[in-house]
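Each chain is listed here by its residues.
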Amino acid sequence: MTDPVVITQSGAVRGRAVGGVARFLGGPYAAAPVGAAQFEAPRPPAPWQGERDAGDYGPTAPQVVRGFAELDLTPLVGSGWGRGDDYLNLTIWTPAVGARGLPVMLFVHGGAFVAGSNTPGVYDGTAFARSGVVLMAINYRMGIEGFTVIAGAPTNIGLRDQIAALHWARANAAAFGGDPDNITIFGESAGAMTIADLIASPLAKGLFRRAIVQSGHGQMTRSMAVAKKLTARLGKLLAIRPDVKGFQSRTVEARLAALDKAQLPTARLDLREADGFERAYGLSRFLPVHGDDVLPEPPLQLLAKGAGRDVDLLIGANTEEMNIYFVPTGVTKKLNGLLAWLVLRASQPHAAKVLKAYRQKGDRPGVTLAKAMTDLVFRLPA
């Protein structure tokens, strides 16, 4: 079968015919975020002449992947940083480039806002395409570049990347056989959290019709004041002024090393809000923020005022979800009552009452903590 060719707004891309569907990998939806652009809002990709090859996966965003000794997370978050400039790219599977009016689904990966990509095998869209769907999956900036508040740089750059990808999808969906007015955005974990934010964001209004939020919700955002505490700590770790010039003065590798240190539980970084709650429950230091043009208010407050009313929503969480963190690390077996209280107290001001409410006869303290945090982190906010 002849390799499929599609004309996008930036130029022609040549994909591959594999498994009875057309596949396009690694094409840019935004310009490469290099140099000064590392901490700038996304811009459209520069047009090119001739056909751009889209036969292989493109590079991925800078990241450090930490797993568990007993649990290989590679199938979910990929193998780590695939170096290259054009990492603001997307993958596309379509039944046929000559099709018309097919539904479009755009996937946003998870990874605690610091890791992940569109390359893992579980994100292969062949089955979607065989079912008549145009499937897209994107990369976006994470960690320091994507989710910190830095003087001189836009906030919520990771969310702005996703919004840029949605604009690209609407502009180019028809070329791949899709309907730009029938886009479903879906994701898991941190990817689902960002989707919940986009539902509430005025900048994303009208860009998608439906959303599937798996193991996520709109409660995990920080205030600017609390997010700046993380920026200050990163500045100390890098020995810089915590502004955009300071961060640009350090290599990507140095910034990743500082990110890795800030992520450690031993970092002793208090990111609790004024109400005493730590919105990420210690799972990540890096979160989207509210109080800018992307999220003028906390997402749940925006939703309560009617934001996202035109978006069809499917939302859910998994039973015993916190066990993905607690079982491989041995928390459920090792924690005693005092340590369980200390862990929860770092993010939940009513830790003792919560643990008492969830305690069942015969359960280890770590099991009680896992049950409570499954509800606090996933079920209740959803």
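Since the structure is predicted, the reported quantities are computational estimates derived from the model, not experimental observations.

Caption draft 1: The arrangement of the side chain of D161 in detail. Residue placement: D161 occurs in helix α4 (residues 157-172). Residue contacts for D161: discarding those within four places in its chain leaves Y29, P42, L88, Y140 and R141.

Caption draft 2: Summary view of the packing of helix α12 (residues 337-345) against helix α13 (residues 351-358). It is at 9 Å that the axes of α12 and α13 come closest, and there the two elements cross at 125°. Of the possible angle classes, the one that applies to α12 and α13 is oblique. As for how α12 packs across α13, the hand of that crossing is right-handed. Contact residues: A340, W341, L344 and R345 in α12; A351, A352, V354 and L355 in α13. Each residue belonging to the contact of α12 with α13 can be placed in one class, and the counts come to 7 nonpolar, no polar and 1 charged.

Caption draft 3: Quick peek at the sheet that holds strand β3 (residues 16-18). Overall, mixed pairing links the 8 strands, which are arranged β3-β4-β6-β8-β7-β9-β10-β11 in an open sheet. Taken across any chain shown, the strands that pair with only one partner, and hence form the sheet edges, are β3 and β11 (312-316). Within the sheet, the average angular offset between the axes of one strand and its neighbour, ignoring direction, is 20°. Here strand β6 (residues 89-94) runs beside strand β8 (residues 134-138); their pairing, made up of 4 bridges, is antiparallel. Bridging across to β8, I92 finds its partner in M136. On the sheet, α4 packs against β4 (21-28), β6, β7 (102-108), β8 and β9 (178-188) and is oriented at approximately 150° with respect to β9.

Caption draft 4: Broad picture of the nonpolar core. Counting residues in hydrophobic clusters, the biggest one holds 91 residues, and the most contacted among them are Y29, M136, I185, F208 and F286. Discounting residues that sit within four places of it in the chain, M136 has contacts with L90, T91, I92, V104, M105, L106, F107, W168, A169 and A173. Ranked by size, the runner-up nonpolar core spans 11 residues in total, among them F107, Y123, L135 and F186.

Caption draft 5: The arrangement of the packing of aromatic side chains in detail. One pass over the full model with this rule turns up 7 aromatic pairs. When the centroid spacing of 5.1 Å and the interplanar angle of 80° are considered together, the rings of F24 and F176 count as edge-to-face. Note that F24 is positioned in strand β4 and F176 in the loop between α4 and β9, a separation of 152 residues in sequence. A relative accessible area of 1% means that F176 is categorised as buried. Arranged with centres 6.2 Å apart and planes meeting at 40°, the rings of W168 and F176 form a pair that is tilted. You'll find W168 and F176 in the same group, each marked buried. Grouping aromatic residues by their ring pairs yields a cluster made of F107, Y123, F128 and F186.

Caption draft 6: Fine view of a nonpolar patch on the surface. There is a patch of nonpolar side chains on the surface, built from L338, L339, W341 and L342 and spanning about 370 Å² of accessible area. Here L342 lies in helix α12. Residue classification places L342 among the partly exposed positions, given a relative accessible area of 43%.

Caption draft 7: Fine view of the sheet that holds strand β5 (residues 51-53). A sheet is described by the order of its strands in space; here 3 strands give the open sequence β1-β2-β5, paired in mixed fashion. Two strands in the sheet have a free side with no partner beyond their single neighbour: β1 (5-7) and β5. Mean inter-strand twist for the sheet, computed between neighbouring axes without regard to direction, equals 30°. Alignment of strand β2 (residues 12-14) against β5, held across 3 bridges, turns out to be parallel. Opposite R14, over in β5, you have D53 as the bridge partner.

Caption draft 8: Just the environment of S10, in detail. On the secondary structure map, S10 appears in the loop between β1 and β2. S10 has contacts with P45, A46, P47 and W48, leaving out every residue within four places of it along the chain.

Caption draft 9: Examining unusual backbone geometry more closely. For A239, which is not glycine, the phi torsion reads 60° and is therefore positive. Judged by its relative accessible area of 61%, A239 is exposed.

Criteria and thresholds
Residues numbered from 1 in each chain as written. Predicted model: local features only at pLDDT ≥ 70, side-chain atom pairs only at ≥ 80, totals over all residues. Heavy atoms only, no water. Helix = DSSP H or I, 4+ residues; strand = E, 2+ residues; numbered from the N terminus. Contact = heavy atoms within 4.5 Å. Axes fitted to C-alpha atoms, helices over the stretch in contact; angles between N-to-C directions. Parallel < 35°, antiparallel > 145°, perpendicular 65-115°, else oblique. Left-handed = near helix turned anticlockwise from the far one by under 90°. Nonpolar A, V, L, I, M, F, W, Y, C, P; charged D, E, K, R; others polar. Pairing = 2+ DSSP bridges. Core = buried A, V, L, I, M, F, W, Y, C linked by side-chain atoms within 4.5 Å. Buried < 20%, exposed > 50% of the residue type's maximum accessible area, 1.4 Å probe, protein only. Phe/Tyr/Trp six-rings, centres within 6.5 Å; stacked < 30°, edge-to-face > 60°. Patch = residues over 30% accessible without salt bridge, like charges linked within 9 Å, V, L, I, M, F, W, Y side chains within 5 Å. Areas by Shrake-Rupley, 256 points an atom, 1.4 Å probe, with all protein chains shown as cover. Salt bridge = Lys/Arg side-chain N within 4 Å of Asp/Glu carboxyl O.

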